[in-house]
Amino acid sequence: TQNIDGLHQKAGSRQVLELHGSVLRNYCEKCGAFYGLDTILSTTGVPRCPACGGDIKPDVVLYEEGLDEKTLYRAVEYIQEADVLIIAGTSLAVYPAAGLVRYYRGHKLVVINKTPLDRGLGADLVITGAVGETLPWPASWRGRALRMPDHRLDSSIATRQPNPSNDRNPGSSSQLPGFPRKRGT
């Protein structure tokens, strides 16, 4: 996820790779001590480390900072091994995260977005609409299944066959910006 709010974990996701970090974790830039959100919320001004007096910074990637290399490599591995890839709620405009889809090797690509989004992905299923409005809630939510009325889906789902000219193999033609070339290619 590119989200920094921890909502995926609150929703029950167990293995979340936070490409841009999390505001729920904060650390001292001087001594490296970590602090929870409660520490930040209980201070005024720039939060200071009680141990050394250094500035406490959210554990997020700020403009022009690089993504965590280990997290990025794990994301590439997960995507390469996925049977189904669902891309939801993103414009795919921010790199290097937008380039991760090029590592997908499966044959079931789903794109869900408010505005039409293809970008030559060769998606097998495209759903145009807000994620929270187009997907039914899990059956466990509030003790009963919530289903979307069929009339709302008619105009928002378009299916297409994958584009055979779309090469999802980043090593075959050019290297993705911000990504190392895959070993063996």
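Within each chain, residue numbers correspond to sequence positions counted from 1 in written order. Predicted model: local features are reported for residues with pLDDT of at least 70 only, side-chain atom pairs are reported and counted for 80 or more only, and whole-chain, interface and lining totals are derived from all residues. Excluded from the side-chain calculations are hydrogens and water; all other atoms, namely the structure's heavy atoms, are used.

Student: So what exactly am I meant to see when it comes to the side chain of N113 here?
Tutor: Within the secondary structure, N113 sits in strand 5 (residues 109-113). The exposure class assigned to N113 is buried, which follows from its relative accessible area of 8%. Engagement of the side chain of N113 in a polar contact is seen with the backbone nitrogen of T90, the distance being 3.0 Å. Two N or O atoms count as a polar contact when they lie within 3.5 Å, although within protein this holds only if one can serve as hydrogen donor and the other as acceptor, and sequence-adjacent residues are included solely when both atoms are side-chain atoms. A distance of 3.2 Å separates a polar atom in the side chain of N113 from the backbone oxygen of T115. Only heavy atoms enter the contact rule, under which two residues are in contact if any of them lie within 4.5 Å. Aside from chain neighbours lying at most four places away, what touches N113 is G89, T90, S91, I127, T128 and G129. For the purposes of this entry, the term helix denotes a DSSP run of H or I that reaches at least four residues, the term strand denotes a run of E that reaches at least two, and both are numbered from the N terminus. Three exposure classes are used, based on accessible area relative to the maximum for each residue type with a 1.4 Å probe and protein chains only: buried under 20%, partly exposed in between, and exposed over 50%.

Student: Can you walk me through the nonpolar core in this structure?
Tutor: For soluble globular proteins, the rule of thumb is that nonpolar side chains tend to be buried together. To qualify as a nonpolar core, a set must consist of buried Ala, Val, Leu, Ile, Met, Phe, Trp, Tyr and Cys residues joined through side-chain atoms within 4.5 Å. If you look at the biggest cluster of nonpolar residues, it comprises 23 residues, and the most contacted ones within it are L85, I87, L100, L109 and L121. For this core, the elements supplying multiple residues, two or more each, are helix 3 (69-81), strand 4 (85-88) and strand 5. In terms of residue count, helix 3 provides more of this core than any other element does, four residues in total.

Student: What should I look at first to understand unusual backbone geometry in this one?
Tutor: Note on backbone geometry: most residues besides glycine have negative phi, and most peptide bonds are trans. Across the junction of Y95 and P96, the peptide omega takes the value 10 degrees, indicating a cis bond. With respect to the helices and strands, P96 occurs in the loop between strand 4 and strand 5. The backbone of E64 sits at a positive phi, close to 70 degrees, despite the residue not being glycine. By the secondary structure assignment, E64 is in the loop between strand 3 (56-60) and helix 3. Phi is positive for L92, which is not a glycine, with a value near 55 degrees. For L92, the location among the structural elements is in the loop between strand 4 and strand 5. Given the relative accessible area of 11%, L92 is considered buried.

Student: Help me understand the pattern of salt bridges in this model?
Tutor: If the charged atoms of two oppositely charged side chains come close together, the side chains can form a pair. The working definition used for a salt bridge is a side-chain nitrogen of Lys or Arg within 4 Å of a carboxyl oxygen of Asp or Glu. Enumeration over the complete set of coordinates arrives at four salt bridges. Residue R25 is joined to E18 by a salt bridge in which the shortest nitrogen-to-oxygen separation is 2.8 Å. Judged by its relative accessible area of 14%, E18 is buried. Here the salt bridges do not stand alone but share partners, grouping E18, R25 and D59 into one network.

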